[in-house]
Amino acid sequence: MAETVFAMVQRQEQERREAIARGEPDPFLVKEPEEPAREPNRLEKFEEWMATDWEFGPYYWEEGQQRPDELKERLRQRFWWLYEKNLRGAEFVGEVVANLFGLTESKYQWVIDAQRDEERREKQRKLEDSQRRMLAERARQEREATEAAARRAEGDVEH
């Protein structure tokens, strides 16, 4: 005969108590040894670097900045400015295209929406049912109180 879930839980609890009584650590609280911290590999470092917010500027033509004497430095700053503008423009266009074609939504978003609507309707139905029961109970109590008052007024002491 197969052991029931309740019996299995009771047996495990009894084994746990016996282990604690023998001085062993609690088997449910025994933790796995933690792995030592490892150095991130190149890919992880690159992904971390890509996730950071890149700061561009300040550029020499912005207010409060001095114009560099070297042409090389001025060209470098111009290049970075053009690079930033192109990168941000491409990112914007990519977002617009993704939104236009619906690539930002889940493939089965309609299923998720339908499930949420169904859960909302079910919750609303349960709330309405409980309110109806409460109102019916309140009306019954008021009716009984009115009937009891009428009986007392007539002299019926039985109830």
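In short, a report on the structure. Source: prediction; values computed, not measured. (Residues numbered from 1 in each chain as written. Predicted model: local features only at pLDDT ≥ 70, side-chain atom pairs only at ≥ 80, totals over all residues. Heavy atoms only, no water.)

## Points about the packing of aromatic side chains
Working definition: an aromatic ring pair is given by the centre-to-centre distance plus the angle between the planes.
In step 1: Under the definition given, this model contains 3 aromatic pairs.
In step 2: Between Phe79 and Trp80, the ring centres sit 6.0 Å apart and the planes meet at 70°, which makes this aromatic pair edge-to-face.
In step 3: Centre to centre, the rings of Trp80 and Tyr83 are 5.3 Å apart; their planes meet at 90°, and the pair counts as edge-to-face. Taken together, the positions of Trp80 and Tyr83, both in helix 3 (residues 71–100) and 3 residues apart, correspond to about one turn of that helix.
In step 4: We classify Trp80 as partly exposed; its relative accessible area is 31%. (Phe/Tyr/Trp six-rings, centres within 6.5 Å; stacked < 30°, edge-to-face > 60°. Helix = DSSP H or I, 4+ residues; strand = E, 2+ residues; numbered from the N terminus. Buried < 20%, exposed > 50% of the residue type's maximum accessible area, 1.4 Å probe, protein only.)

## Structural notes on the pattern of salt bridges
In step 1: One pass over the structure, following the stated rule, counts 15 salt bridges.
In step 2: Between Arg121 and Glu118 there is a salt bridge, and its shortest N-O distance comes to 3.4 Å. Of the two residues, Arg121 and Glu118 are both situated in helix 4 (residues 109–154); the distance of 3 residues between them amounts to about one turn of the helix.
In step 3: Residue classification places Glu118 among the partly exposed residues on the basis of a relative accessible area of 46%.
In step 4: Connected via shared salt-bridge partners are Glu122, Arg125, Glu128, Asp129 and Arg132. (Salt bridge = Lys/Arg side-chain N within 4 Å of Asp/Glu carboxyl O.)

## Comments concerning helix 1 (residues 5–21)
In step 1: The terminal C-alpha atoms of helix 1 lie 24 Å apart, and with 17 residues this matches the ideal 24 Å at 1.5 Å per residue to within 8%.
In step 2: Looking one or two residues past helix 1, Gly23 carries a phi angle of roughly 90°, positive in sign. (Expected span 1.5 Å × (residues − 1).)

## What about the side chain of Arg74?
In step 1: Looking at where Arg74 falls in the secondary structure, it is placed in helix 3.
In step 2: Despite its burial, Arg74 pairs with no opposite charge, the nearest such side chain being Asp69 at 6.1 Å.
In step 3: Excluding its chain neighbours within four sequence positions, the residues that come into contact with Arg74 are Tyr60, Arg67, Pro68 and Asp69. (Lys, Arg positive; Asp, Glu negative; His and termini not counted. Contact = heavy atoms within 4.5 Å.)

## Quick notes on the environment of Gln10
In step 1: Along the polypeptide, Gln10 turns up in helix 1.
In step 2: The exposure class of Gln10 is partly exposed, given its relative accessible area of 46%.
In step 3: Spatially, the C-alpha atom of Gln10 lies 39 Å from that of Arg125, the residues being 115 residues apart in sequence.

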